[in-house]
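# Descriptive structure summary
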Amino acid sequence: MISAGVAIWAARDAQIRAADRFDRSLLVTALSISRDTAISGGDALSRETRDLLQNTSGGQVFYHVYAPDGVFVTGYATPPVPPTDLEDDAYIYFDAQYFGRPVRAVRFLESLEIDGLSGQFTFTVWQDLSLRDGFVRSLSQRTYAVMATLVAAVAFFVWFGVRVGLRPLLDLERAIERRSAQDLTTIKRAIPEEVKGVVGRLNELLSEMSATIQAKDRFISDAAHQLRNPIAGVLALSEAVVNSKSEADFKTRSADLVEAAAHAAKLSEDLLAFERARSAPPFENLAIVDLASTLESIVKRLQRDAMIRNVRLELETDGDPVLVRVDALLLEQAIENLVTNAFFHGGEQLTEVRLQLMTESQHAIISVIDNGKGMETTDFETALSRFGQVAPGTGSGLGLPIANAVAEAHGGRLVLSELDPGLLVRIFLPMTRSSEQDA
């Protein structure tokens, strides 16, 4: 029963993934056709786009383009007819019939100016649904084969163990059989005394696996979602640089490409830092760091940026060593994120940012204080959420979440407080005794 359920889930998941892959491929092809149409005036497609039309998701793709006045521009003369109730969004997917065969299509609208004609051009790209169905069958068959092999192997070893004399494990076997890729909850039912240690370790493993899988899934989802547009922008700008028609145009597009690449690199760095913070090494394996020296180094690195922005950056500490167990690189990035957040979001009224180090009740307190426009208390939850931005901006929305994750990963916490004017961000970290450093 469980195997059948997992198999059904696997088939459904394969279908969803295939549909998403085909839809994205169609949209990428439509965007490529749009670009080539704008560049050539509808006269020709680039070699890369022609390759997409022949090989996208394993089969040929058809396309049709017409101008704002309904005049045919390029492609196949007769596109699939979309449903009449479609909204006029930038791009819309739909199923249709094309010469009696079911197809999947995307309609893409873009405002262009080609050969003196400006307005909204309509691009329709479609592909036979039989390709997607074949892809789903292929994925499902491989999944069924792997599942069948695993189930057979587990069944044999469990049967052999029971037959040899481990009959008290029958109840445990039934409990384990109820676990699946979607259910990694710990075993809580009564178990034989002889295997309590084994089950305890199994429960720990299930918990760790569940947490790890969820964390990795979130990271993959975040990375795929957040990096898709920057990478596409870098590719588009790279093509624009190649197609530059003058030296001035080349320099302008090159500068845009460098800026886009830098933004993608910073976003990648923030995503990796966020993931590292959520999966920090065990506390006892961390190095002991002097916060006073760390903050001094950070202030020195950021002084030039502060001077450019005409902001006074200061460090307040009594000079005594303050020892904590932390991942030094993660902590430095977290604090730098807090300071640069103040630079970027403090507004025109920002003139001062202070880094302050204090100790209280066996905790080190790192404070970042600014006199900028600050933040409403009601916005704190949004600012601390992944990719949360209180106001539209070019940042990744990971500055405060990274700092918060770093604090929690090291047994501390991050606290936001509203000032008038400005904002106070404090990181509380447990201190380490100097005797531990000597050891």
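Residues numbered from 1 in each chain as written. Predicted model: local features only at pLDDT ≥ 70, side-chain atom pairs only at ≥ 80, totals over all residues. Heavy atoms only, no water.

Counting its regular elements, the protein chain contains 11 helices and 12 strands. When the 439 residues of the protein chain are sorted by exposure, 38% land in the buried category. Put simply, 61% of the contacts in the protein chain that link residues at least 6 apart link residues at least 24 apart. As presented, the protein chain carries roughly 25200 Å² of accessible surface, and 56% of it is formed by carbon and sulfur atoms. (Helix = DSSP H or I, 4+ residues; strand = E, 2+ residues; numbered from the N terminus. Buried < 20%, exposed > 50% of the residue type's maximum accessible area, 1.4 Å probe, protein only. Contact = heavy atoms within 4.5 Å. Areas by Shrake-Rupley, 256 points an atom, 1.4 Å probe, with all protein chains shown as cover.)

Now for helix H8 (residues 328–345). Between its terminal C-alpha atoms H8 stretches 26 Å, which fits the 26 Å expected from 18 residues at 1.5 Å a residue. Those residues of H8 that sit buried are Leu330, Leu331, Gln333, Ala334, Ile335, Asn337, Leu338, Val339, Thr340, Ala342 and Phe343. Sitting at the head of H8, Asp327 places a side-chain oxygen 3.2 Å from the backbone nitrogen of Leu329. Positive phi shows up at Gly347, right after H8, with a value of about 85 degrees. (Expected span 1.5 Å × (residues − 1). Polar contact = N/O pair within 3.5 Å; in protein donor to acceptor, adjacent residues only side chain to side chain.)

With that settled, consider the sheet that holds strand S3 (residues 91–98). The strand order across the open sheet built from 5 strands is S2-S1-S5-S4-S3, with neighbouring strands paired in antiparallel fashion. Looking along the sheet, the strands with just one partner apiece sit at the ends: strand S2 (72–75) and S3. Averaged over neighbouring strand pairs, the angle between their axes works out to 25 degrees when direction is ignored. Pairing geometry for strand S1 (residues 62–66) and strand S5 (residues 117–128), over 5 bridges, is antiparallel. Opposite Phe62, over in S5, you have Trp126 as the bridge partner. (Pairing = 2+ DSSP bridges. Axes fitted to C-alpha atoms, helices over the stretch in contact; angles between N-to-C directions.)

Let's shift gears to the packing of aromatic side chains. The full count for this structure, using the stated rule, is 9 aromatic pairs. On the numbers, 6.0 Å between centres and 40 degrees between planes, the contact of Phe62 with Tyr98 is tilted. Residue Phe62 is located in strand S1, and its partner Tyr98 is located in strand S3; the two are separated by 36 residues in the primary sequence. Ring geometry for Tyr91 versus Tyr93: centroids 5.9 Å apart, planes at 75 degrees, classification edge-to-face. By relative accessible area, Tyr93 is classed as partly exposed at 24%. Among the aromatic residues, those joined into a cluster by ring pairs are Phe62, Tyr63, Tyr76, Tyr98, Phe99 and Trp126. The cationic tip of Arg309 hangs over the ring face of Phe344; the distance from NZ or CZ to the ring centre is 4.6 Å. The ring of Phe428 carries the charged tip of Arg413 above its face, separated from the ring centre by 4.0 Å. (Phe/Tyr/Trp six-rings, centres within 6.5 Å; stacked < 30°, edge-to-face > 60°. Lys NZ or Arg CZ within 6 Å of the ring centre and 35° of its normal.)

What follows concerns the environment of Leu429. Relative to the helices and strands, Leu429 resides in strand S12 (residues 423–430). When the C-alpha positions of Leu429 and Arg413 are compared, they lie 7.0 Å apart, and in sequence the two are 16 residues distant. Residues within four places of Leu429 in sequence aside, it is in contact with Val324, Val326, Leu331, Gln362, His363, Ala364, Ile366, Ala407, His410 and Gly412.

To continue, consider the pattern of salt bridges. Think of it this way: side chains of opposite charge can pair up when their charged atoms draw near. Using the criterion set out here, one finds 12 salt bridges in the structure. Between Glu332 and Arg301 there is a salt bridge; the shortest N-O distance is 3.2 Å. With Glu332 in helix H8 and Arg301 in helix H7 (residues 291–308), this residue pair connects regions lying 31 residues apart in the sequence. When its relative accessible area of 42% is taken as the criterion, Arg301 is described as partly exposed. What you see here is one network of salt bridges that share partners, running through Arg312, Glu314, Glu316, Glu352 and Arg354. (Salt bridge = Lys/Arg side-chain N within 4 Å of Asp/Glu carboxyl O.)

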